[in-house]
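Here's the letter readout for the chains.
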Amino acid sequence: MYVSAEKNFIFVHVAKTGGQALKQALRPYAVRKARGQWRRLLSHLPVPEGLDAQFGPHAPIRWARLKLPRSFFDGAFKFGLVRNPYDLAVSRYAFVRGEGDHHRHKDAQSQSFADFLRMERRRALWRPRDQSAMLCDYNGNLLIDQVYRFEAMEEAFTDIVTRLALPVSPELARKNASRRGPYQDYYTPVERGLVEEIWRRDLDKFGYTF
């Protein structure tokens, strides 16, 4: 998550939605995180902080509402990107299998896509895996002002540059992109059913289909 007092925005980075490329352009305007052992401890506690609060790379917007000054949160332009869950699931699978430093890389080498999704379903029992959990409150209400789509990244980036009055529109490079074929090739009815179970809220809220 990036917070900017200079440009008055909060960017929520949903994993595998092209956020790394966008963060490269937004980084110069982000508030520097507070340092020190005490502030690291505070970052894990549900207590309000200032604009320099520490956030993990994929912190949800509801955590920002808790940690940041409410006047800033309410007035800031809050935005994030979402992606078709069927495509997102394949991207996660390909990334974990291809990223040697990932903590699940070794196990994923022997997992089929269906096995990987079953693991995602188990992990969702203690922490939701869908994009809605990143962008909504606990009742499913959106807490951001603008939802952009990964599938229209160039248009999204142009709009963000205009809204935030960025002085230059740099080339939007792809980062952490996994090499693979069309996501539809990974699916049988089994995998589709698992995705529809895990990401049901996203399919309904953002209108994605297979």
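Quick note: structure is the one above.
Residues numbered from 1 in each chain as written. Predicted model: local features only at pLDDT ≥ 70, side-chain atom pairs only at ≥ 80, totals over all residues. Heavy atoms only, no water.

Chemist: Give me the packing of helix 7 (residues 113–123) against helix 10 (residues 189–198): which residues, what numbers.
Modeler: Geometrically, a packed helix pair is captured by the angle between its two axes and the distance between the axes. Between helix 7 and helix 10, the least distance of the axes is 10 Å, while the angle of their chain directions is 20°. Comparing the axis directions of helix 7 and helix 10 gives the class roughly parallel. For the crossing formed where helix 7 meets helix 10, the hand is left-handed. Facing Phe113, Ala114, Leu117, Arg118, Glu120 and Arg121 of helix 7, the residues of helix 10 in contact are Val190, Glu191, Leu194, Val195, Glu197 and Ile198. Its residues placed into classes, the contact of helix 7 with helix 10 shows seven nonpolar, no polar and five charged. (Axes fitted to C-alpha atoms, helices over the stretch in contact; angles between N-to-C directions. Helix = DSSP H or I, 4+ residues; strand = E, 2+ residues; numbered from the N terminus. Parallel < 35°, antiparallel > 145°, perpendicular 65-115°, else oblique. Left-handed = near helix turned anticlockwise from the far one by under 90°. Contact = heavy atoms within 4.5 Å. Nonpolar A, V, L, I, M, F, W, Y, C, P; charged D, E, K, R; others polar.)

Chemist: Any chance you could break down helix 5 (residues 85–98) for me, citing the residues and the numbers?
Modeler: The end-to-end C-alpha distance of helix 5, which contains 14 residues, comes to 20 Å, matching closely the 20 Å that a straight helix rising 1.5 Å per residue would cover. Most of helix 5 is tucked away, with eleven of its 14 residues classed as buried. Where helix 5 begins, the side chain of Asn84 points an oxygen toward the backbone nitrogen of Tyr86, at a separation of 3.0 Å. (Expected span 1.5 Å × (residues − 1). Buried < 20%, exposed > 50% of the residue type's maximum accessible area, 1.4 Å probe, protein only. Polar contact = N/O pair within 3.5 Å; in protein donor to acceptor, adjacent residues only side chain to side chain.)

Chemist: Requested: an account of the nonpolar core, with residues and values cited.
Modeler: In globular proteins that are soluble, nonpolar side chains generally tend to be buried together. Counting residues in each nonpolar core, the largest one holds 39 residues, and the members touching the most others are Met1, Ile10, Phe55, Ile61, Leu135 and Tyr187. Mapped by element, the contributors of at least two residues to this core are strand 2 (9–12), helix 3 (61–67), helix 4 (70–75), helix 5, helix 7, helix 8 (132–135), helix 10 and helix 11 (200–206). Sort the elements by how many residues they give to this core and helix 5 lands first, with six residues. The residues contacting Ile10, other than those within four sequence positions of it, are Met1, Tyr2, Val3, Ile61, Leu68, Phe72, Phe73, Ala76, Phe77, Lys78 and Phe79. Judged by nonpolar contacts, the second largest core, of 19 residues, contains Tyr2, Ala25, Leu26 and Tyr29. (Core = buried A, V, L, I, M, F, W, Y, C linked by side-chain atoms within 4.5 Å.)

Chemist: Which residues make up the packing of aromatic side chains, and what values do they have?
Modeler: Overall, the coordinates contain 13 aromatic pairs when judged by the stated rule. Arranged with centres 5.9 Å apart and planes meeting at 75°, the rings of Phe113 and Tyr186 form a pair that is edge-to-face. Here Phe113 is found in helix 7, whereas its partner Tyr186 is found in the loop between helix 9 (153–163) and helix 10, with 73 residues between them in sequence. Judged by relative accessible area, Tyr186 falls into the partly exposed class, the value being 26%. (Phe/Tyr/Trp six-rings, centres within 6.5 Å; stacked < 30°, edge-to-face > 60°.)

Chemist: So what's going on with the pairing of strand 2? Which residues, and what values?
Modeler: Alternating residues of strand 2 divide into Phe9 and Phe11 and Ile10 and Val12, and every residue in both groups is buried. The pairing of strand 1 (residues 2–4) with strand 2 spans three bridges and is classified as antiparallel. For Ser4, the partnering residue across the bridge sits in strand 2 and is Phe9. The loop that links strand 1 with its antiparallel partner strand 2 comprises four residues; one of these, Asn8, has a positive phi angle of about 55°. Examined bridge by bridge, strand 2 and strand 3 (residues 77–82) share four bridges and lie parallel to one another. In the strand pairing of strand 3, Phe9 is matched with Phe77. (Pairing = 2+ DSSP bridges.)

Chemist: Quick one: what's the story with the environment of Glu6, residue by residue and with numbers?
Modeler: Here Glu6 lies in the loop between strand 1 and strand 2. Through-space distance from the C-alpha of Glu6 to that of Tyr29 is 6.4 Å; in sequence the pair is 23 residues apart.

Chemist: Tell me about the side chain of Asn84, residues and numbers included.
Modeler: Mapped onto the elements, Asn84 comes out in the loop between strand 3 and helix 5. Look at Asn84 and you get buried, because its relative accessible area is 8%. Within the structure, Asn84 has its side chain in polar contact with the backbone oxygen of Thr209 (distance 3.0 Å). Leaving out residues up to four positions away in the same chain, Asn84 has contacts with Glu151, Tyr183, Tyr208 and Thr209.

Chemist: With reference to specific residues and values, describe the packing of helix 5 against helix 7.
Modeler: The contact between helix 5 and helix 7 brings their axes to 11 Å, and the two run at 100°. Compared by their axis directions, helix 5 and helix 7 come out roughly perpendicular. Only Phe113, Phe116, Leu117 and Glu120 of helix 7 make contact with helix 5, whose side of the interface consists of Ala89, Val90, Arg92, Tyr93 and Val96. For the contact of helix 5 with helix 7, a count of residues per class yields seven nonpolar, no polar and two charged.

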